[in-house]
Amino acid sequence: MNRPTLTTVVLGALLTAAALAGCSGSPSAHQGSAAPRLKISGAYVTQPPMSDMTAGYFTLTNTGAAPDKLTGVTSSFASDISMNTTNATGQMLAAASFTVPAHGTLVFRTGADHLMIMGMRHKPVVGETVPLELHFTTSAPITVQVPVEPLTYQPAN
């Protein structure tokens, strides 16, 4: 009968301990992997026909394992930014927050969820950018410089 040597037993014990240590992880490591990871893309505002308000659109992608909530948008460019949704009858309704699902997207587009930007410091023109800061329940705010596009702009999908 073959008996394991002391070296084989010690080596086996070390490998087992290393494997188990790699599985346990720290609580913060588990929380970090479950956190939302947000990225904004396709953001734009339309050049307004009048100087008092415009609309904003973007896509928020969450590659994280936990959802988050968009709770508001602010800007040094405007005194009031509201988040809105459009119901099936075309009525615009204010929204207090929007969920950004885990491993999913939240899309702000014409005729659906969107921003209404009011109290602008000046009327933006095509080619200009305006700052928007998005605020969330869990994630740190995201600040983005958003291009101004013509009122007739249709993003490629």
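These figures come from a predicted structure and were not determined experimentally.

**Q** Looking at this structure, I do not really get the nonpolar core. What am I missing?
**A** Grouped together as the largest cluster of nonpolar side chains are 27 residues, with contacts concentrated most on Phe58, Leu60, Leu70, Leu115, Ile117, Leu132 and Leu134. The residues contacting Leu60, other than those within four sequence positions of it, are Leu38, Lys39, Ile40, Leu70, Val100, Gly104, Thr105, Leu106, Leu134, Phe136 and Ile142.

**Q** Explanation requested: unusual backbone geometry in the structure shown.
**A** Glycine aside, residues mostly have negative phi, and peptide bonds are mostly found in the trans state. Not every positive phi belongs to a glycine, and His103 is a case in point at roughly 55°. With respect to the helices and strands, His103 occurs in the loop between strand E6 (98–100) and strand E7 (104–108). Residue classification places His103 among the exposed positions, given a relative accessible area of 61%.

**Q** Mind showing me how you'd approach the side chain of Asn62 here?
**A** Counting through the fold element by element, Asn62 comes out in strand E2 (residues 53–62). Residue classification places Asn62 among the buried positions, given a relative accessible area of 1%. In contact with Asn62, other than residues within four places in its own chain, are Pro36, Arg37, Leu38, Pro67, Asp68, Val100, Pro101, Ala102, His103 and Gly104.

**Q** Explanation requested: the environment of Asp113 in the structure shown.
**A** Along the polypeptide, Asp113 turns up in the loop between E7 and strand E8 (114–120). Taking the C-alpha atoms as reference points, Asp113 and Thr86, separated by 27 residues in sequence, lie 6.3 Å from one another. Within polar-contact distance, the side chain of Asp113 engages the side chain of Thr85 at 2.6 Å.

**Q** Explain the packing of aromatic side chains here, please?
**A** Taken as a whole and assessed by the stated rule, the structure comprises 4 aromatic pairs. The interplanar angle of 15° and the centroid separation of 4.5 Å between the aromatic rings of Phe58 and Phe108 together place this pair among those described as stacked. Highlighted residues: Phe58 in strand E2 and Phe108 in strand E7, separated in sequence by 50 residues. Classification of Phe58 by relative accessible area gives buried; the value is 2%. Here Phe98 and Phe108 contribute two aromatic rings whose centre-to-centre distance is 5.0 Å and whose plane-to-plane angle is 70°, an arrangement assigned as edge-to-face. Linking Phe98 in strand E6 with Phe108 in strand E7, this pair joins segments that are 10 residues apart in sequence. Taken individually, Phe98 and Phe108 each receive the classification buried, so the pair is uniform in this respect. Aromatic rings pair up to connect Tyr44, Tyr57 and Tyr153 into one cluster.

**Q** Got a minute to help me understand the pairing of strand E10 (residues 142–149) in this structure?
**A** Consecutive residues of a regular strand have side chains that alternate between opposite faces of the sheet. As paired strands, strand E1 (residues 38–46) and E10 are joined by 2 bridges and run parallel to one another. Counterpart to Val45 in the pairing with E10 is Val148. As defined by bridge partners, strand E9 (residues 129–136) adjoins E10 across 6 bridges and the pair is classed as antiparallel. The residue bridging Leu132 from the neighbouring strand is Val144, located in E10. Hairpin connection of E9 to E10: 5 residues between the antiparallel strands.

**Q** Any chance you could explain the pairing of strand E3 (residues 68–74) here in plain terms?
**A** As defined by bridge partners, E3 adjoins E6 across 3 bridges and the pair is classed as antiparallel. Residue pairing for E6: Lys69 is matched across the bridge by Thr99. As paired elements, E3 and E9 share 4 bridges and run antiparallel to each other. Opposite Leu70, over in E9, you have Phe136 as the bridge partner.

The rules we used
Residues numbered from 1 in each chain as written. Predicted model: local features only at pLDDT ≥ 70, side-chain atom pairs only at ≥ 80, totals over all residues. Heavy atoms only, no water. Core = buried A, V, L, I, M, F, W, Y, C linked by side-chain atoms within 4.5 Å. Buried < 20%, exposed > 50% of the residue type's maximum accessible area, 1.4 Å probe, protein only. Contact = heavy atoms within 4.5 Å. Helix = DSSP H or I, 4+ residues; strand = E, 2+ residues; numbered from the N terminus. Polar contact = N/O pair within 3.5 Å; in protein donor to acceptor, adjacent residues only side chain to side chain. Phe/Tyr/Trp six-rings, centres within 6.5 Å; stacked < 30°, edge-to-face > 60°. Pairing = 2+ DSSP bridges.

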